[in-house]
Amino acid sequence: MIRNVLVAVFGASLLGGAAHAADLAQAPEPAPTVETISSFVWTGGYLGLQGGGGWLNSDLSVPGGSASEKFSGGLFGAFAGYNYQHGDWVVGVEGDVSYNWNDETVTVFGSDTEAGTDVSGSVRARLGYTVNDRTLIYATGGWAVTRGFVDVAGAPKEKETFNGWTIGGGVDYGFTDSVFGRAEYRYNDFGDKDVGGVNVDLDQHQFTVGVGVKF
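None of these values were measured; they are calculated from a predicted model.

What counts as what
Residues numbered from 1 in each chain as written. Predicted model: local features only at pLDDT ≥ 70, side-chain atom pairs only at ≥ 80, totals over all residues. Heavy atoms only, no water. Helix = DSSP H or I, 4+ residues; strand = E, 2+ residues; numbered from the N terminus. Buried < 20%, exposed > 50% of the residue type's maximum accessible area, 1.4 Å probe, protein only. Areas by Shrake-Rupley, 256 points an atom, 1.4 Å probe, with all protein chains shown as cover. Core = buried A, V, L, I, M, F, W, Y, C linked by side-chain atoms within 4.5 Å. Contact = heavy atoms within 4.5 Å. Salt bridge = Lys/Arg side-chain N within 4 Å of Asp/Glu carboxyl O. Phe/Tyr/Trp six-rings, centres within 6.5 Å; stacked < 30°, edge-to-face > 60°. Lys NZ or Arg CZ within 6 Å of the ring centre and 35° of its normal.

Caption draft 1: View of the overall build of the chain. The number of helices and strands found in the chain is one helix and nine strands. If you list the helices and strands of the chain from N to C, you get α-β-β-β-β-β-β-β-β-β. Buried positions account for 37% of the 215 residues belonging to the chain. When the accessible surface of the chain is summed, it comes to about 12,200 Å², and 64% of that surface belongs to carbon and sulfur atoms.

Right, here's the structure in full:
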């Protein structure tokens, strides 16, 4: 009788040990996956440098005649602004100032005339959408200004400030959490003014690339 009890206890011990060993052999459950949230946001101020080209069209008119001249050249300048991001949308305001190298010597109404623009700038609103964390596609528009000049041979050089509007769009891309690159196209309509007795109407296409730092 005692022997039968001992055999039963021994057998139960073997079965319990085998079950425990099987439990130990099971692979541990994988650790829970933690979703990584990007720390990159567009909210904040920024400033940068930009350069590119401008294609300026000038319509010139006087009583009894008119002419159209094109002035193309490089431009270089700086920009600064502030963005606010809400979800995937970004709104902001930006200003820029550039110097244009687009002066040409042309014959207007029988006289050799040097004409073009030099300093230009704008103050604009921006509305953008983030395609991913670091890519921002935006539209922009606002007030634009430039200084035009006409230098007719034998007469004092005339300068006038032209005020108008600008509209365009571009893309910003964040290379790091603080440095971003940019490509932008804008159309500028600077309006018209009388310069040296000639009515001058200016509009311009411009394309620029730049690099900025946000803070």
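Caption draft 2: Quick peek at the nonpolar core. Of all hydrophobic cores here, the largest spans twelve residues; its members are L56, L60, F71, A115, A144, V150, F162, F190, V195, V198, V200 and L202. Those elements giving two or more residues to this core turn out to be β1 (44-62), β6 (135-152), β8 (179-195) and β9 (198-214). No other element matches β9, which puts three residues into this core. One finds W42, Y46, V90 and F180 within the second-largest nonpolar core, a separate group that totals seven residues.

Caption draft 3: Up close: the environment of G191. Take G191: it is sitting in strand β8. The buried category is assigned to G191, whose relative accessible area is 18%. Taking the C-alpha atoms as reference points, G191 and G164, separated by 27 residues in sequence, lie 5.4 Å from one another. If we ignore the near neighbours within four places in the chain, the residues touching G191 are F162, N163, V200, D201 and L202.

Caption draft 4: Molecular detail of the pattern of salt bridges. Across all of its chains, the model carries eleven salt bridges by this definition. Of the charged contacts, one joins E94 and R124 as a salt bridge, the two residues approaching to 2.7 Å between their closest N and O atoms. A residue pair is termed long-range when its members are at least 10 positions apart, and E94 in strand β3 (residues 89-101) and R124 in strand β5 (residues 111-132) qualify at 30 residues. Residues E94 and R124 agree in their burial class; the two are buried. R134 is the salt-bridge partner of D177, the closest N and O atoms lying 3.0 Å from each other. Residue D177 is located in the loop between β7 (158-174) and β8, and its partner R134 is located in the loop between β5 and β6; the two are separated by 43 residues in the primary sequence. When salt bridges that share partners are traced, they join E94, D96, R124, R126, D172, R182, E184 and R186 into one network.

Caption draft 5: Structural context of the packing of aromatic side chains. Within this structure, the stated rule accounts for nine aromatic pairs. Aromatic pair W89 and Y129: ring centres 4.9 Å apart, planes at 65 degrees, arrangement edge-to-face. Of this pair, W89 sits in strand β3 while Y129 sits in strand β5; the two residues are 40 residues apart in sequence, bridging distant segments of the chain. On the basis of relative accessible area, W89 is assigned to the partly exposed category, the value being 48%. Three or more aromatic residues joined by ring pairs make a cluster, and in this case those are F40, W42, Y46, F79 and F180. Here the guanidinium or amino end of R126 rests over the ring plane of Y138, the centre of that ring lying 4.3 Å away.

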